[in-house]
Structure formats: C-alpha cells, structure tokens
Amino acid sequence: MANHVYTNIHIRFEDEKACRKFESDILQYDKWMNSPDTDDSVTTYWQRITKLQDAYFNIICPDVEQTRDDYIDKLGAKWVSFEDIDFDDLEINLNITSAWSPAHGLFARIYDHVSEMDPDASLLIDWEDEGMNFIGAASYNKFGDDCDEYEPTEEDLQLLNDEDTDRIDEFYEMISERTMELIDCVLYNTSFTLNGSDE
C-alpha cells in the first residue's frame, strides 16, 4: 500500500475580488458542495469534493491523463485526492492527500493559476508522510518558489516507537518545531528578489 502524504495548501490572496472569484467561479464551491445535485448518485461529501476536484483539474490540468505515470510526471505523485477546503477572509486552505510524495507539480499549477488572477497571491504549503519518513514545506509567490524537507533520524523515530506516551509527545513536538523551521526557511528564501530588494 502506498504511503500517504498529507498536505496543507494555504492560498493567500491580496485582492479580495480575485479571492471571491476563485471561490465562487473557479472552484464553484457552493455548486459542488452545497447545492442539491440532480444526479442522485452524488450524495456524500466525498463524492461532492471529488466532483469539485475533477472540475478544477479540468481547468489547471487539461494535459494530465488519468494514469499513474502521467500523474507522477506532471503532478509529482501517483494520485491526488482533495480532502477538505475552508475559507477565511483572503485565504483558502486546501487539504489534500497524495501517494508516496508531495504533489509539487500540482503546487506549481495552482500557483500559476491564482497568480494570473492576483499577481500578489501566494502559496504556503506544508506536508508530512504518514510513516514520518519526511516532512516538508514550500512557498510560492512573486519573488519565486522554494521548498525544503526534513527526514527524521533513527534517534527521532525511537521516540515515536517508545511505549512511554511522554516520549511520543516529545517526538510530535519535535516534528512541529521542525515544520515551523522549514516554513520560516522557505518564507525567508521567497521574501526577496535575487538582487536583494523586496520589490
């Protein structure tokens, strides 16, 4: 069975109109998730969010065939599944699961799409492998993009496999700290242009 990679994609708009357009016209969240469906077979949350994903992929991934090889080559993972979407002012948070690796190709496609709507839009992404083989973070904005990962050491993993719950808690605290360090690093590396200016 493939290892799942759990990813949080935080899409930040600076233009409120662009954000609302992305929500209502592009993702069509209300249409797929809140409106009664004429197709009686589409009744569950997972069926609805799969319809939303398929519709969005038709926009940003028209060249991607529904095959494992094409997904790996163009999206960076064997498969991708949308899990949840929520909205907060100018931010859209998208939670996805992918197989074996983060979907770097998908991240780039989402950024390219939203940046056409709002040049100041940005993506901040973090992920973790379900087996804790790696964690990572990425940042995309008008200054560029960057990503970084951390692979827990054998010593780290011994904490996770310890019967002492305090030691297990210590492992997850360490993972949380490492994730924040990765986020800080990628944000710093995409906070300026190559000439060192912020514009």
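The structure contained in this document is the topic of the report that follows. (Residues numbered from 1 in each chain as written. Predicted model: local features only at pLDDT ≥ 70, side-chain atom pairs only at ≥ 80, totals over all residues. Heavy atoms only, no water.)

**Digging into the overall build of the protein chain**
Broken down by element type, the protein chain carries 7 helices and 6 strands. Beginning at the N terminus, the succession of helices and strands in the protein chain can be written as β-α-α-α-α-β-β-α-β-β-β-α-α. For 199 residues, the compact-globule estimate of 2.2 N^0.38 gives 16 Å, and the C-alpha radius of gyration of the protein chain, at 18 Å, lies within 12% of that figure. Along the three orthogonal principal directions, the C-alpha set of the protein chain runs to about 55 × 50 × 35 Å. Here the protein chain holds 199 residues, and 41% of them are scored as buried. Of the contacts made within the protein chain by residues no fewer than 6 positions apart, 59% connect residues no fewer than 24 positions apart. Surface summary for the protein chain: the accessible area is close to 11100 Å², and the carbon and sulfur share equals 46%. On the protein chain, the mean spot of the 14 positive side-chain charges and the mean spot of the 49 negative ones are 9 Å from each other. (Helix = DSSP H or I, 4+ residues; strand = E, 2+ residues; numbered from the N terminus. Rg over C-alpha atoms; globule rule 2.2 N^0.38 Å. Buried < 20%, exposed > 50% of the residue type's maximum accessible area, 1.4 Å probe, protein only. Contact = heavy atoms within 4.5 Å. Areas by Shrake-Rupley, 256 points an atom, 1.4 Å probe, with all protein chains shown as cover. Lys, Arg positive; Asp, Glu negative; His and termini not counted. Charge placed at Lys NZ, Arg CZ, Asp CG, Glu CD.)

**Some details on unusual backbone geometry**
In the Ramachandran plot, Trp-100 falls in the positive-phi region, its phi being about 75 degrees despite a non-glycine side chain. The topology assignment puts Trp-100 in the loop between strand E3 (91-99) and helix H5 (104-117). For Trp-100, a relative accessible area of 42% corresponds to the partly exposed category. Phi at Met-132 takes a positive value of approximately 60 degrees, unusual for a residue other than glycine. By secondary structure assignment, the location of Met-132 is in the loop between strand E4 (122-129) and strand E5 (135-141).

**So, H5**
The terminal C-alpha atoms of H5, which comprises 14 residues, lie 21 Å apart, in line with the 20 Å expected from a rise of 1.5 Å per residue. Burial in H5 covers these residues: Leu-106, Phe-107, Arg-109, Ile-110, Tyr-111, His-113, Val-114 and Ser-115. (Expected span 1.5 Å × (residues − 1).)

**Brief notes about the pattern of salt bridges**
Where charged atoms from two side chains of opposite charge come close, those side chains can pair. Evaluation of the coordinates by the stated rule reveals 9 salt bridges. For Lys-74, the salt bridge goes to Asp-63, with nearest N and O atoms at 3.9 Å. Residue Lys-74 is located in helix H4 (residues 68-75), and its partner Asp-63 is located in the loop between helix H3 (45-60) and H4; the two are separated by 11 residues in the primary sequence. For Arg-178, the salt bridge goes to Glu-181, with nearest N and O atoms at 3.8 Å. Linking Arg-178 with Glu-181, this pair stays in helix H7 (residues 165-189), spanning 3 residues, or about one helical turn. Among the residues examined, Arg-178 registers a relative accessible area of 32% and is labelled partly exposed. Residues participating in the shared-partner salt-bridge network are Asp-63, Asp-70, Lys-74 and Arg-109. (Salt bridge = Lys/Arg side-chain N within 4 Å of Asp/Glu carboxyl O.)

**Notes on the nonpolar core**
Leu-106 and Ile-110 are the most contacted members of the largest nonpolar core, which totals 43 residues. In terms of residues, this core owes the most to one element, H3, which gives 6 residues. (Core = buried A, V, L, I, M, F, W, Y, C linked by side-chain atoms within 4.5 Å.)

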